[in-house]
Amino acid sequence: MTWSGRFAVSMRRGETATAAVLLLFACAILWGAALMPSGTVGAPGPGFFPRALGALLALVSVALLVRAHRLDGAADEVVALGHPHIALTLVTLVGLALVFEYAGYVPSATLFMLVLLRAFSTLGWTRSMLAAMATAFVSYYLFVHLLSVMLPAGLLQFY
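Calculation notes
Residues numbered from 1 in each chain as written. Predicted model: local features only at pLDDT ≥ 70, side-chain atom pairs only at ≥ 80, totals over all residues. Heavy atoms only, no water. Helix = DSSP H or I, 4+ residues; strand = E, 2+ residues; numbered from the N terminus. Expected span 1.5 Å × (residues − 1). Contact = heavy atoms within 4.5 Å. Core = buried A, V, L, I, M, F, W, Y, C linked by side-chain atoms within 4.5 Å. Buried < 20%, exposed > 50% of the residue type's maximum accessible area, 1.4 Å probe, protein only. Salt bridge = Lys/Arg side-chain N within 4 Å of Asp/Glu carboxyl O.

Enquirer: So what about helix α5 (residues 125-146)? Which residues, and what values?
Expert: Taking 1.5 Å per residue as the helical rise, α5 with its 22 residues ought to reach 32 Å, and the 30 Å between its terminal C-alpha atoms agrees with that figure. Those residues of α5 that are buried are in contact with α4 (105-120). Directly after α5, the chain includes Ser148, whose backbone phi takes a positive value near 55 degrees.

Here is the structure:
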């Protein structure tokens, strides 16, 4: 399936821009993680995993920058920006952020997964809804009961 985007850039410029944005995002994560106690490997603090993931993202971003500058003949190839699947995913994530605290984790995660499953899978409505609900409940159980992470219950209370 091809999609003709409204914006077109060279592959080198597109990959460089993407890697730079990811590197900025990694720096923001590392800055935020530096404000939290890191703990130790045996007893990680709240900043341990953000620091580790931010460092990993920074390394991958630098590798992408190096790769973008080593592109040969493909560097001049024009690529389209703005695929509709990316836009739908971003809109769905923003919607999740807006309703997460009020509606609670389970309804928000269910709706998020339902939209993505209906958009990107071949499942029908019933199977998509069952899969979305199962994902939300299983992940809620994993986070709350196994990892002791507090998630917003919202309108519904699950214990």
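Enquirer: I'd like a rundown of the nonpolar core, residues and numbers included.
Expert: Judged by nonpolar contacts, Tyr105, Val106, Ala109, Ala136 and Tyr140 together constitute the single largest core of five residues. Elements represented by at least two residues in this core include exactly α4 and α5. Other than its neighbours up to four places away in sequence, Tyr105 contacts Phe100, Ala136, Ser139, Tyr140, Phe143, Leu151 and Pro152.

Enquirer: Quick rundown of the pattern of salt bridges? Include the residues and the values.
Expert: Considering all chains together, one arrives at one salt bridge under this definition. Here Glu15 makes a salt bridge to Arg67, at a shortest N to O gap of 2.5 Å. Taken together, the residues span a long stretch of sequence, with Glu15 in helix α1 (residues 11-34) and Arg67 in helix α2 (residues 48-69) at a distance of 52 residues. The class for Arg67 is partly exposed, based on a relative accessible area of 45%.

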